[in-house]
Amino acid sequence: MAEVTASLSIGQVAERTGLSVHTLRFYEQEGLFISPVRRGPAGRRSYTQDDVDWLTVCIILRASGMPLPALRRYTDLVREGAGNEEERLALLREHHGRVTTQIGRLTQSLDLITFKVGVYEDLLDQDRRRPGQWAGRDS
């Protein structure tokens, strides 16, 4: 007996993924689905849980800064199936390097911001402890 998979509307997929309906249509136009988006009898888009799972991968890769052409290439490779794992690995290693560099820069930024917050907290604490100085509160 054939397995029946639940069909999800574009609105349901938008709700599950946090993507807008517009973005889902854009992802379809850009070829970012592993399988073509199916259409129901009335021509409405019909998605499966596999589509949602793949979109989750795409969302994470985009949030990590993967450029759209790289994501499109990765999708193409996955769609092609077995035999191109080395190219997939190379693409992901390259992106891994970019993300690692970005994390390093963000860590430096966070360190500076944390230091500056501490400087200003210390300054304000000193001002509040000075006798006879108004500390910004009503007496």
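Each remark here, short or long, concerns the structure printed above.
Here the structure is a predicted model, which is why all the values come from computation and not from measurement. (Residues numbered from 1 in each chain as written. Predicted model: local features only at pLDDT ≥ 70, side-chain atom pairs only at ≥ 80, totals over all residues. Heavy atoms only, no water.)

Colleague: Would you mind going over the packing of aromatic side chains in detail, with residue names and values included?
Modeller: Per the counting criterion, the structure on display carries three aromatic pairs. Pairing F26 with Y27 gives two aromatic rings, centres 6.4 Å apart and planes at 55°, and the pair type is tilted. Y27 gets classed as buried once you look at its relative accessible area, which sits at 6%. Ring geometry for W54 against Y74: centres 6.0 Å apart, planes inclined by 20°, an arrangement best described as stacked. Taken as a pair, W54 in helix α3 (residues 49–63) and Y74 in helix α4 (residues 68–80) lie far apart in primary sequence, 20 residues in all. Each member of the pair, W54 as well as Y74, is classed as buried. (Phe/Tyr/Trp six-rings, centres within 6.5 Å; stacked < 30°, edge-to-face > 60°. Buried < 20%, exposed > 50% of the residue type's maximum accessible area, 1.4 Å probe, protein only. Helix = DSSP H or I, 4+ residues; strand = E, 2+ residues; numbered from the N terminus.)

Colleague: So what about the packing of helix α1 (residues 10–17) against helix α2 (residues 21–29)? Which residues, and what values?
Modeller: Relative to each other, α1 and α2 sit at 100°, their axes nearing to 9 Å. The orientation of α1 relative to α2 falls into the category roughly perpendicular. Contact residues: I10, V13 and A14 in α1; V21, L24 and R25 in α2. Residue composition of the contact of α1 with α2, by class: five nonpolar, no polar and one charged. (Axes fitted to C-alpha atoms, helices over the stretch in contact; angles between N-to-C directions. Parallel < 35°, antiparallel > 145°, perpendicular 65-115°, else oblique. Contact = heavy atoms within 4.5 Å. Nonpolar A, V, L, I, M, F, W, Y, C, P; charged D, E, K, R; others polar.)

Colleague: Mind laying out the side chain of D51, listing which residues take part and the relevant values?
Modeller: In this fold, D51 is placed in helix α3. The exposure class of D51 is buried, given its relative accessible area of 6%. Only 2.5 Å separates the side chain of D51 from the side chain of R38, close enough to count as a polar contact. (Polar contact = N/O pair within 3.5 Å; in protein donor to acceptor, adjacent residues only side chain to side chain.)

Colleague: I'd like a rundown of the nonpolar core, residues and numbers included.
Modeller: Counting 23 residues, the largest nonpolar core has V13, L24, Y27, Y47 and L55 as the members making the most contacts within it. The residues contacting Y27, other than those within four sequence positions of it, are L19, L32, F33, L55, C58 and R62. (Core = buried A, V, L, I, M, F, W, Y, C linked by side-chain atoms within 4.5 Å.)

Colleague: Kindly report on α1, identifying the contributing residues and their values.
Modeller: Taken residue by residue, α1 has I10, V13, A14 and T17 as its buried positions. Looking straight down α1, one finds that the buried residues subtend no more than 105° of arc, so they occupy a single side. Projecting away from the buried face of α1 at angles above 90 degrees are the exposed residues E15 and R16. Elements in contact with the buried residues of α1: α2, β2 (45–46) and α3. Backbone geometry just after α1 places G18 at a positive phi near 85°. (Arc of directions from axis to C-beta.)

Colleague: So what's going on with α3? Which residues, and what values?
Modeller: The end-to-end C-alpha separation of α3 is 21 Å, in line with the 21 Å expected for 15 residues at 1.5 Å each. Looking at α3, one finds that the buried residues are D51, V52, W54, L55, C58 and L61. In this fold, the buried residues of α3 make contact with α1, α2, β1 (38–39), β2, α4 and α5 (85–129). Taken from the residues just after α3, G65 is the one with a positive phi, measuring 95°. (Expected span 1.5 Å × (residues − 1).)

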